[in-house]
Amino acid sequence: MALPVYHGMQFDPASNAPLHIDAPLVADWLVRFLQDECIRRRKMDKAILGLSGGVDSAVVAYLCAMAFGSESVIAFRLPYKLSSPESLAHAQLVIDELGIQEMTVDISEMVDGYVSSLSEANISPARIGNVCARCRMIALFDQSANFGGLPIGTGNKTERLFGYFTWHADDAPPINPLGDLYKTQVWQLASFLGVPQVIIDKPPTADLVQAQTDEGDFGISFQNADRILYYLTQGYTKEKLISLGFRESDVQLVWNKVAGTHWKRRPPTVAMLSTTAIGEYYLRPVDY
């Protein structure tokens, strides 16, 4: 792999230039992607998505409205009892702006029914968060059958590389337009699409614990993480990035998160017993 060469210029580890996107071009490409993958290939002309009130799902809602038409997008608000009322209000801003269909399904009884059946005295917020994420995906897939639409994913590249999602939940939808965009690039796209500024500006959060933020969980800002991730995925070593001016603790933190979550970015590992093991040996092209 050919790596960028910085002859005659000062390398700036604080620069966001490598993460700049041509937002109009990216938006157009992603709309075409949704139309091709959903409508042409799968013959599905409706989009089903969970609308959390955060920037990622808001961007996906805007893209889906452009790709399918507002009347063919059904957004689901799926609050748990700990969810902030602000999240519901921000989701409503997107619904009103786009004129898309919406439903609100409170998952509190669904989650608490399971939790209350356990013999454990306490269950951690992380586990409750995972239960919520999986319950939400049950609802979205069920409603996809109800409306005859396709669930659309909303996870970004930073979260995917960090493994910051619930396995077989957030990553379950078969189509994901944001999966190759870092969080900072999603913000750029959001600004171009006209996502309400209050959604763009607020700190990303899983919205399960008061004052919890994604960056607080990470121990690093999205800006700094994305700069490091960009170069790591280009083939730069940890040692090279540190020598170029990135803080060693930040590089090691990002490296550890990526290295420790490879399993979350792969399908289940199947024990091979034949030459026709699906995905492990017997591969068919995507187009056939």
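Residues numbered from 1 in each chain as written. Predicted model: local features only at pLDDT ≥ 70, side-chain atom pairs only at ≥ 80, totals over all residues. Heavy atoms only, no water.

Q: A description of the overall build of the chain should follow, citing residues and the corresponding values.
A: When helices and strands are tallied, the chain shows 12 helices and 4 strands. Whereas a compact globule of 288 residues would reach a radius of gyration of roughly 19 Å, the chain reaches 20 Å, a difference of no more than 12%. In terms of overall dimensions, the chain has C-alpha extents of about 60 × 55 × 50 Å along its principal axes. For the chain, buried positions account for 44% of its 288 residues. Summarising the internal contacts of the chain: among those between residues at least 6 apart in sequence, 77% fall at separations of at least 24. Total accessible area on the chain is roughly 15,200 Å²; 55% of this is exposed by carbon and sulfur atoms. (Helix = DSSP H or I, 4+ residues; strand = E, 2+ residues; numbered from the N terminus. Rg over C-alpha atoms; globule rule 2.2 N^0.38 Å. Buried < 20%, exposed > 50% of the residue type's maximum accessible area, 1.4 Å probe, protein only. Contact = heavy atoms within 4.5 Å. Areas by Shrake-Rupley, 256 points an atom, 1.4 Å probe, with all protein chains shown as cover.)

Q: So what's going on with the confidence of the model for the chain? Residues and values would help.
A: Residues with a pLDDT of 70 or more make up 93% of the chain, whose mean pLDDT is 91. Segment residues 5-9 is flagged for pLDDT under 50; beyond a separation of four residues in sequence, or across chains, it makes 3 contacts in the model. (pLDDT = per-residue confidence, 0-100.)

Q: Tell me about the sheet that holds strand 4 (residues 150-151), and please be specific about residues and values.
A: Across the sheet, which stays open at both edges, the 4 strands sit in the order 3-2-1-4 with parallel pairing between neighbours. Single-partner strands in this sheet number two, and they are strand 3 (101-104) and strand 4. As defined by bridge partners, strand 2 (residues 73-77) adjoins strand 3 across 4 bridges and the pair is classed as parallel. The partner of alanine 75 across the bridge, within strand 3, is glutamate 102. Running at roughly 155° to strand 1 (residues 47-50), helix 5 (residues 125-147) makes contact with strand 1, strand 2, strand 3 and strand 4 of the sheet. (Pairing = 2+ DSSP bridges. Axes fitted to C-alpha atoms, helices over the stretch in contact; angles between N-to-C directions.)

Q: Describe the side chain of aspartate 250, with residues and values.
A: Along the chain, the position of aspartate 250 falls in helix 12 (residues 248-259). Excluding residues that lie within four positions of it along the chain, aspartate 250 makes contacts with Ile220, Asn224 and Ile228.

Q: Please set out the pattern of salt bridges residue by residue, giving values where relevant.
A: Counted under the stated rule, the structure contains 12 salt bridges. The partner of lysine 157 in a salt bridge is aspartate 180, with the nearest N and O atoms 3.0 Å apart. Note that lysine 157 is positioned in helix 6 (residues 157-162) and aspartate 180 in the loop between helix 6 and helix 7 (183-193), a separation of 23 residues in sequence. Residue class for aspartate 180 comes out exposed when judged on its relative accessible area of 56%. Linking aspartate 250 and arginine 247 is a salt bridge whose minimum nitrogen-to-oxygen distance equals 3.2 Å. Given the relative accessible area of 10%, aspartate 250 is considered buried. (Salt bridge = Lys/Arg side-chain N within 4 Å of Asp/Glu carboxyl O.)

Q: How would you summarise the packing of aromatic side chains if you had to cite specific residues and measurements?
A: Using the criterion set out here, one finds 9 aromatic pairs in the structure. Judged by centre distance (6.1 Å) and plane angle (70°), the ring pair of phenylalanine 76 and phenylalanine 147 falls under edge-to-face. Here phenylalanine 147 lies in helix 5 and phenylalanine 76 lies in strand 2, a separation of 71 residues in the sequence. On the basis of relative accessible area, phenylalanine 76 is assigned to the buried category, the value being 1%. Consider the rings of tyrosine 230 and tyrosine 231, whose centres lie 5.0 Å apart with planes at 85°: the pair is edge-to-face. Note on accessibility: tyrosine 230 and tyrosine 231 belong to one class, buried. Over the aromatic face of phenylalanine 222 sits the side chain of lysine 183, whose NZ or CZ is 5.5 Å from the ring centroid. A cation over a ring is seen here: lysine 257 above phenylalanine 162, with NZ or CZ 5.8 Å from the ring centre. (Phe/Tyr/Trp six-rings, centres within 6.5 Å; stacked < 30°, edge-to-face > 60°. Lys NZ or Arg CZ within 6 Å of the ring centre and 35° of its normal.)

Q: Could you give an account of the nonpolar core, with specific residues and numbers?
A: Core analysis: the biggest nonpolar cluster contains 62 residues, and Leu34, Val59, Leu63, Leu189 and Val254 have the highest contact counts within it. The biggest single contributor to this core is helix 2 (residues 55-68), with 11 residues. Residues within four places of leucine 63 in sequence aside, it is in contact with Ala27, Leu30, Val31, Leu34, Pro177, Leu178, Leu189 and Leu193. Grouped together as the second largest cluster of nonpolar side chains are 17 residues, Ile107, Met137, Ala139 and Leu140 included. (Core = buried A, V, L, I, M, F, W, Y, C linked by side-chain atoms within 4.5 Å.)

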